[in-house]
Amino acid sequence: MSAPLYEGKAKIVYATDDPQVYRTYFKDDATAFNAQKRGQISGKGAINCAVSSYLFRVLAQAGVTNHFIEQISEREMRVQAVEIVPLEVVVRNLAAGSLCKQTGIAEGTAIAPPLVEFYLKDDALGDPLLTPDRLRLLQVATEAEVQHLQGAALQVNTLLQAFFNRCGITLVDFKLEFGRDRQGQILLADEISPDTCRLWDQQETDPEKRILDKDRFRRDLGNVEAAYARVLELVTQQAEL
Ligand code: C5P
């Protein structure tokens, strides 16, 4: 096996014989609060690989260019080689997480129109939320690219919200990452999974039981594996319809 090009908290990226293609491997490792909390969620890598593969295909069918090529094993996918833009683009439909903590807005409050936020992807700095001026100052993306990221994030939100609704899941919020290919074209990249989305089961009214995402790990709510497996089951059923 070739040496990793990059090892992140949840995935490992490898080069392949084709310079235009990378292979990503999904780990069971889980981190939260900028890696201050660490653990393992057994079977998570395989679930996140499968969920991401489904969602990238759903998005591609709707015209959202993304890095996904194919799933090649339980935990691996082939993707277009991109250089990740060091921004985390978060879209919020309902208030949760850091938005509640930083603004006092009650959890579950509808956010309409959805909020798009840019965070600097930098673990050492704790992934700070950027203002538009700081975004311009840092020059990690051109103004045109930022506009494109904002539009693409909202388009992904519309498509994923509709898809998850059909699964009986509310898409509360999520984080996207994008990359540039060798031609400089921006592609949606990374993963879209219960690690990177807040997902609430519409069948459940209990505010803790309805959580099907990494908040179960962050908040020590238990049944983390079962929640991830439920997401895969609902997504698979819907994707095969
Ligand atoms: O923590 P916060 O409320 O800002 O997270 C918003 C969304 O972005 C959540 O769905 C969370 O899982 C995701 N996120 C992520 N990776 C990060 C930060 C947030 O996937 N580094």
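Everything below is about the structure shown above.
Below, the structure is looked at part by part. (Residues numbered from 1 in each chain as written. Predicted model: local features only at pLDDT ≥ 70, side-chain atom pairs only at ≥ 80, totals over all residues. Heavy atoms only, no water.)

## Some details on the sheet that holds strand β2 (residues 11-15)
And step 1. The antiparallel open sheet is built from five strands, whose spatial order is β1-β2-β3-β7-β6. If you trace the sheet from one side to the other, it starts and ends with β1 (4-7) and β6 (68-73), each paired once. Shown here is a sheet whose adjacent strand axes are inclined to one another by a mean of 25°, direction ignored.
And step 2. With three bridges joining them, β1 and β2 adopt antiparallel strand pairing. Following the sheet pairing, Tyr6 is matched in β2 by Val13.
And step 3. Where helix α1 (residues 44-61) meets the sheet, it contacts β3 (21-26), β6 and β7 (76-80), and its direction lies at approximately 150° from that of β6. (Pairing = 2+ DSSP bridges. Helix = DSSP H or I, 4+ residues; strand = E, 2+ residues; numbered from the N terminus. Axes fitted to C-alpha atoms, helices over the stretch in contact; angles between N-to-C directions. Contact = heavy atoms within 4.5 Å.)

## Describing the packing of aromatic side chains
And step 1. According to the stated counting rule, one finds two aromatic pairs in the structure shown.
And step 2. With centroids separated by 6.3 Å and ring planes inclined at 20°, the aromatic side chains of Phe56 and Phe68 adopt a geometry described as stacked. Within this pair, whereas Phe56 is found in helix α1, its partner Phe68 is found in strand β6, the two being separated by twelve residues in sequence. Neither Phe56 nor Phe68 differs from the other in exposure class; each is buried.
And step 3. Geometry around Tyr14 places Arg23 over its ring, the cationic atom sitting 4.4 Å from the centre. (Phe/Tyr/Trp six-rings, centres within 6.5 Å; stacked < 30°, edge-to-face > 60°. Buried < 20%, exposed > 50% of the residue type's maximum accessible area, 1.4 Å probe, protein only. Lys NZ or Arg CZ within 6 Å of the ring centre and 35° of its normal.)

## A word on the pairing of strand β5 (residues 37-40)
Along a regular strand, successive side chains alternate from one face of the sheet to the other.
And step 1. With four bridges joining them, strand β4 (residues 29-32) and β5 adopt antiparallel strand pairing. The partner of Ala30 across the bridge, within β5, is Gly39.
And step 2. Counted along the chain from β4 to the antiparallel partner β5, the turn is four residues long, and its residue Phe33 has a positive phi close to 50°.

## Focus: the packing of helix α4 (residues 143-167) against helix α6 (residues 224-239)
And step 1. Direction vectors running N to C along α4 and α6 enclose 100°, while the axes themselves pass 9 Å from each other. Taken together, the axis directions place α4 and α6 in an arrangement best described as roughly perpendicular. For the pair α4 and α6, contact is made by Phe163, Phe164, Arg166 and Cys167 and by Leu234, Val235, Gln238 and Ala239, respectively.
And step 2. Class assignment of the residues belonging to the contact of α4 with α6 gives a composition of six nonpolar, one polar and one charged. (Parallel < 35°, antiparallel > 145°, perpendicular 65-115°, else oblique. Nonpolar A, V, L, I, M, F, W, Y, C, P; charged D, E, K, R; others polar.)

## What to know about the environment of Ala95
And step 1. Looking at the element boundaries, Ala95 is found in the loop between β9 (87-94) and α2 (97-103).
And step 2. For Ala95, a relative accessible area of 0% translates into the label buried.
And step 3. Separated by 42 residues in sequence, Ala95 and Ser53 place their C-alpha atoms 27 Å apart.

## As for the site of the ligand
And step 1. The local shell around the ligand holds 16 residues, among which Arg92, Ser98, Asp173, Arg198 and Arg218 are the closest.
And step 2. Here an oxygen atom of the ligand sits 2.8 Å away from a polar atom, N or O, in the side chain of Arg92.
And step 3. Every element with two or more residues in the shell around the ligand is listed here: β9, α2, β11 (169-180) and β13 (197-201).
And step 4. Residue composition of the shell around the ligand, grouped by class: five nonpolar, three polar and eight charged. (Near = heavy atom within 4 Å. Polar contact = N/O pair within 3.5 Å; in protein donor to acceptor, adjacent residues only side chain to side chain.)

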